[in-house]
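# Tertiary structure, described
As a plain string of letters, each chain reads:
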2 protein chains.
Amino acid sequence: MQRYFISTTIAAGAQAELTGEAAHHIQRVMRGQVGDEVEVVTDQQAYRSKIVALQPDQVSVRLAATPLPSPEMPNQVIIACSIAKKDKADWIVQKGTELGASGFTFFSSQYGVAKWEPKRQDKKLVRLRKIALEAARQSHRNQLPTVTILPDLTALLQVPKDYGVVAYEESAKQGEAAALVTTAQQLVGGQTLIAVFGPEGGLAPKEVEQLKAAGFMAAGLGPRILRAETAPLYLLSALSTLWELRGANFKNAEA
Amino acid sequence: MQRYFISTTIAAGAQAELTGEAAHHIQRVMRGQVGDEVEVVTDQQAYRSKIVALQPDQVSVRLAATPLPSPEMPNQVIIACSIAKKDKADWIVQKGTELGASGFTFFSSQYGVAKWEPKRQDKKLVRLRKIALEAARQSHRNQLPTVTILPDLTALLQVPKDYGVVAYEESAKQGEAAALVTTAQQLVGGQTLIAVFGPEGGLAPKEVEQLKAAGFMAAGLGPRILRAETAPLYLLSALSTLWELRGANFKNAEA
């Protein structure tokens, strides 16, 4: 079933008005009729909703009395990536949204070769937020991930968090294989984890020191070398496995 | 360091001859000189190797006396996907190789809309195998994943395996969240798991029945709906987490 996000807060059982692209999509793409059902997300709750009226630029729906089960991770995971080449940022946002990220932020790092011109950043953000919205709709998320661009690592260190990890190739080479699970076990009840990923050339040792000083743990993501756009997908899948699958005798997974 | 695969078996400490694309890459792309080091993989063992002689189409190297640590998963995982549209098969093979798959097979399924013309399949295989080789080199794999195309699900059921899972959206919707971990715990000592993924439209209920009758367990991959090309990456990352990271109190991970 098609899912639409609305930015206002609507109470369970109440009527909501869909406008703009959502109204266009329901009427022109899905050929929706009065009586058809769609899913509407308001304030991170999703409701089956019945179309009650159609106007040229507006679709009125009535929300069900109870929300649908939430498909959200039990904690917030922000993926912080060094600015990426070509369409890699698009892929990170699309796949990361499917895999449950709560937000994405892109920052300039010392060894990063890709640059996003300041005057083009607004356009880039519009594009990435649109990709996040489409992926959130398709993967039936309740939460629309945020997308931001930060000037550098120092700005990233100002972002509020409960825990932080940094995927650092040198740690992985040394066989570090415990930090991710240890960190995953510490998060409870909707806390926020920021996970930092360097560019293809890696983070500079000084950047890693800066991150460690700010409380980020260096975490290995298995024994193989992952590309910059693959590592965030491994991390999100690993956290889902630990938090959302059952049977690993892992406390959060049993909740 | 650059890694090259050779198809012959060379003993530790012995001399090996690299020819073809490997020889070209070392001399023309990397500008390798006598005395430089490369990594050579023979018979799923990787060795640091010193260049001892250069000829126009051949590079002679001497292997170190002991192999490098293996980055391979403790068990074999074959990713079996319904034939995919556009460049999605490329992505599955590239990312799946990075994430440790031992092989990929693509099969025609009932609801699959993509078709690979029989006369173009050889070309497709050459392309996908080249992608697997490049990804295996970049992610420092010891094992070069196999790539095959099968006519249908019945042919897939003939492929030897120890365990099988099928990613089935209906199971995920019903909250199935234990089968993947349970199965992961059963594999020991290099056994083979085949993981089956349907097309965007899903597998037909009859196909799922056929798979279940052949011993495949329906396994949920977390509460979000994943695209056909994302689900295999989740599965491989989940298995790596369970088998290769430490701290989840999961017996195989402690080995």
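Computed from a predicted structure; not experimentally measured. (Residues numbered from 1 in each chain as written. Chains lettered and ligands numbered in written order. Predicted model: local features only at pLDDT ≥ 70, side-chain atom pairs only at ≥ 80, totals over all residues. Heavy atoms only, no water.)

### Structural notes on the pairing of strand E4 (residues 45-55) of chain A
All names here are of chain A.
- Pairing of strand E3 (residues 37-42) with E4, which is carried by six bridges, proceeds in the antiparallel orientation. Among the inter-strand pairings, glutamate 37 is bridged to a residue of E4, identified as lysine 50.
- Here E4 pairs with strand E5 (residues 58-63) via six bridges, running antiparallel. Along E5, the bridge assignment pairs serine 49 with leucine 63.
- Connecting E4 to the antiparallel partner E5 that follows it, the hairpin turn spans two residues. (Pairing = 2+ DSSP bridges. Helix = DSSP H or I, 4+ residues; strand = E, 2+ residues; numbered from the N terminus.)

### Quick look at the interface of chain B and chain A
- Tallying the contact residues gives 43 residues for chain B and 43 residues for chain A.
- When chain B packs against chain A, close to 3700 Å² is buried across both sides, 57% of that on carbon and sulfur atoms.
- Three residues, Arg224(B), Arg227(B) and Leu245(B), lead the burial of chain B against chain A; their summed loss comes to 19% of the area buried on that side.
- There are six salt bridges connecting chain B and chain A.
- Note that Glu229(B) and Lys95(A) form a salt bridge whose closest N and O atoms lie 2.5 Å from each other. (Contact = heavy atoms within 4.5 Å. Buried area = accessible area lost by both parts, 1.4 Å probe. Salt bridge = Lys/Arg side-chain N within 4 Å of Asp/Glu carboxyl O.)

### Description of the domain arrangement of chain A
All names here are of chain A.
- Structurally, chain A comprises domain 1 (3-63) and domain 2 (76-254).
- Here domain 1 and domain 2 have C-alpha centroids that lie 32 Å from each other.
- Of the residues lining the interface, 10 residues belong to domain 1; the matching set on domain 2 comes to nine residues.
- Carbon and sulfur atoms make up 48% of the area that domain 1 and domain 2 hide from each other, which totals about 820 Å².
- Among the residues of domain 1 in contact with domain 2, Arg3, Phe5 and Gln44 are the three that bury the most area, contributing 72% of the side total.
- If you look at where domain 1 meets domain 2, you find zero salt bridges. (Domains from an automatic or database assignment.)

### Focus: the confidence of the model for chain A
Residue and element names in this part refer to chain A.
- Of all residues in chain A, 96% attain a pLDDT of 70 or more, and the chain-wide mean is 92.
- When pLDDT is averaged over each element of chain A, strand E10 (residues 192-197) comes out on top at 98 and helix H9 (residues 251-254) at the bottom at 44.
- Note that pLDDT drops below 50 for residues 251-255; the model gives that stretch 14 contacts with residues more than four away or on any other chain. (pLDDT = per-residue confidence, 0-100.)

### Describing the sheet that holds strand E1 (residues 3-6) of chain A
Residues and elements named next belong to chain A.
- Spatially, the five strands line up as an open sheet ordered E1-E3-E4-E5-E2, and their pairing is mixed. Whereas interior strands pair on both sides, the edge strands pair on one side only; in this sheet they are E1 and strand E2 (15-18). Across the sheet, the mean angle separating the axes of adjacent strands is 40 degrees when strand polarity is ignored.
- As judged from the four bridges shared by E2 and E5, these two strands associate in the antiparallel manner. (Axes fitted to C-alpha atoms, helices over the stretch in contact; angles between N-to-C directions.)

### Considerations on the packing of aromatic side chains
- According to the stated counting rule, one finds three aromatic pairs over all chains in the structure shown.
- On the basis of an interplanar angle of 15 degrees and a centroid distance of 4.0 Å, the ring pair of Trp91(A) and Trp91(B) is categorised as stacked. With Trp91(A) in helix H2 (residues 88-98) and Trp91(B) in helix H2 (residues 88-98), the pair connects residues from two separate chains.
- When the centroid spacing of 5.3 Å and the interplanar angle of 50 degrees are considered together, the rings of Phe106(A) and Trp116(A) count as tilted. Placement of the pair is Phe106(A) in strand E7 (residues 103-107) and Trp116(A) in the loop between E7 and helix H3 (121-138), with a sequence separation of 10 residues. (Phe/Tyr/Trp six-rings, centres within 6.5 Å; stacked < 30°, edge-to-face > 60°.)

### Some points on the packing of H2(B) against helix H3 (residues 121-138) of chain B
All names here are of chain B.
- The geometry of H2 relative to H3 is characterised by a closest axis approach of 8 Å and an angle of 30 degrees between their N-to-C directions. Taken together, the axes of H2 and H3 lie roughly parallel to each other. With respect to the hand of their crossing, H2 and H3 are arranged in right-handed fashion. Of H3, the residues touching H2 (which contributes Ala89, Asp90, Val93, Gln94 and Thr97) are Arg127, Leu128, Ile131, Ala132, Ala135 and Ala136.
- Its residues assigned to classes, the contact of H2 with H3 comprises seven nonpolar, two polar and two charged. (Parallel < 35°, antiparallel > 145°, perpendicular 65-115°, else oblique. Left-handed = near helix turned anticlockwise from the far one by under 90°. Nonpolar A, V, L, I, M, F, W, Y, C, P; charged D, E, K, R; others polar.)

### Overview of the relation of the copies chain B and chain A
- Note on the copies: chain B fits chain A at an RMSD of 0.0 Å, the axial shift is 0.0 Å, and the rotation between them is 180 degrees. Classification of the inter-copy transformation places it as that of a two-fold axis.
- Mapped onto chain A, 100% of the interface residues of chain B again fall at the interface, so both copies present the same surface. (Least-squares fit on C-alpha atoms with pLDDT ≥ 70 in both.)

### Things to note about the side chain of Thr241(A)
- You can see Thr241(A) is positioned in helix H8 (residues 231-244).
- What makes Thr241(A) buried here is its relative accessible area of 0%.
- Apart from the residues lying within four places of it in its own chain, the contact partners of Thr241(A) are Tyr234(B), Ala238(B) and Leu242(B). (Buried < 20%, exposed > 50% of the residue type's maximum accessible area, 1.4 Å probe, protein only.)

### A short note on the UniProt feature "domain: Ribosomal RNA small subunit methyltransferase E PUA-like" (unreviewed entry) in chain A
- Residues annotated in UniProt with the feature "domain: Ribosomal RNA small subunit methyltransferase E PUA-like" (unreviewed entry) correspond here to residues 18-63 of chain A.
- What you have in residues 18-63 of chain A is 22% helix and 52% strand, and the ends, taken at the C-alpha atoms, are 12 Å apart. (UniProt positions renumbered as here; feature names shortened; annotations may be inferred.)

### So, H3(A)
Residue and element names in this part refer to chain A.
- Between its terminal C-alpha atoms H3 stretches 26 Å, which fits the 26 Å expected from 18 residues at 1.5 Å a residue.
- Within the span of H3, buried status applies to Lys124, Leu125, Leu128, Ile131, Ala132, Ala135, Ala136 and Arg137.
- The secondary structure elements touched by the buried residues of H3 are E1, helix H1 (20-29), H2, E7 and strand E8 (146-150).
- Trailing H3 by a residue or two, histidine 140 shows a phi angle of about 60 degrees, which is positive. (Expected span 1.5 Å × (residues − 1).)

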